[in-house]
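Each chain is listed here by its residues.
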Amino acid sequence: MTTANTHADTSAGRRDQIKGIICDILEIDPEEMTGTSRFKEDHEADSMGAIEILSQLERAFGVDIDQSELASMVNLDAVVAVVDEALAAK
């Protein structure tokens, strides 16, 4: 396996884990969530759900995510980017 494939597998696994955390907190089926479906508008998430998502992600990945990032964490793609950035800064 090449390094690129290993990185892609890790990224895909991390994305699936992030999606699972978000779906559990928002109580939605994973099939309902796309990379760009918006938590608040499409899945009726509230600010408490967003804070819980942030907290769970910090625990799951052992990172600190500044609460100012919540404003950009509007969909799965954005959350994955924030987590990837936090992991890179670790």
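These lines cover the structure that appears in this document, whether it is placed above or below. Just so we're clear, the structure is a prediction, and the values are computed from it rather than from any experiment. (Residues numbered from 1 in each chain as written. Predicted model: local features only at pLDDT ≥ 70, side-chain atom pairs only at ≥ 80, totals over all residues. Heavy atoms only, no water.)

**What to know about the layout of surface pockets**
By volume, the largest pocket amounts to about 220 Å³. Lining the largest pocket are Phe39, Lys40, Glu41, Ala45, Asp46, Ser47, Ala50, Ile51, Leu70, Met73 and Val74. Contributions of two or more residues to the lining of the largest pocket are made by α2 (39–43) and α3 (47–61). (1 Å grid on protein atoms, 1.4 Å probe; cavity = no way out; pocket = protein on both sides within 12 Å on 5 of 7 lines; lining within 4 Å. Points joined across faces, edges and corners; volume = space filled by probe spheres on them. Helix = DSSP H or I, 4+ residues; strand = E, 2+ residues; numbered from the N terminus.)

**Some details on the pattern of salt bridges**
For the structure shown, the criterion picks out 3 salt bridges. Across the pair arginine 14 and aspartate 84 runs a salt bridge, and its minimum N-O distance is 2.8 Å. In this pair, arginine 14 is assigned in helix α1 (residues 3–26) and aspartate 84 in helix α4 (residues 76–89), connecting sequence segments 70 residues apart. On the basis of relative accessibility, which here comes to 16%, the residue arginine 14 falls in the buried class. Among the ionic pairs, arginine 38 bridges to aspartate 42, the shortest N-O distance being 3.6 Å. A relative accessible area of 39% means that arginine 38 is categorised as partly exposed. For aspartate 42, a relative accessible area of 42% translates into the label partly exposed. (Salt bridge = Lys/Arg side-chain N within 4 Å of Asp/Glu carboxyl O. Buried < 20%, exposed > 50% of the residue type's maximum accessible area, 1.4 Å probe, protein only.)

**Concerning the environment of alanine 50**
Following the sequence through the fold, alanine 50 ends up in helix α3. Taking relative accessible area as the criterion, alanine 50 reaches 24% and is therefore assigned partly exposed. The sequence separation of alanine 50 and glycine 20 amounts to 30 residues, and the corresponding C-alpha distance is 14 Å.

**Some points on the nonpolar core**
In terms of nonpolar packing, the biggest core is built from 23 residues, with Ile18, Ile22, Leu26, Leu57, Ile65 and Val79 touching the most fellow members. The set of elements that each furnish at least two residues to this core consists of α1, α3 and α4. Beyond its immediate sequence surroundings of up to four residues, leucine 57 is in contact with Ile18, Ile21, Gly62, Val63, Ile65, Met73, Val79 and Val83. (Core = buried A, V, L, I, M, F, W, Y, C linked by side-chain atoms within 4.5 Å. Contact = heavy atoms within 4.5 Å.)

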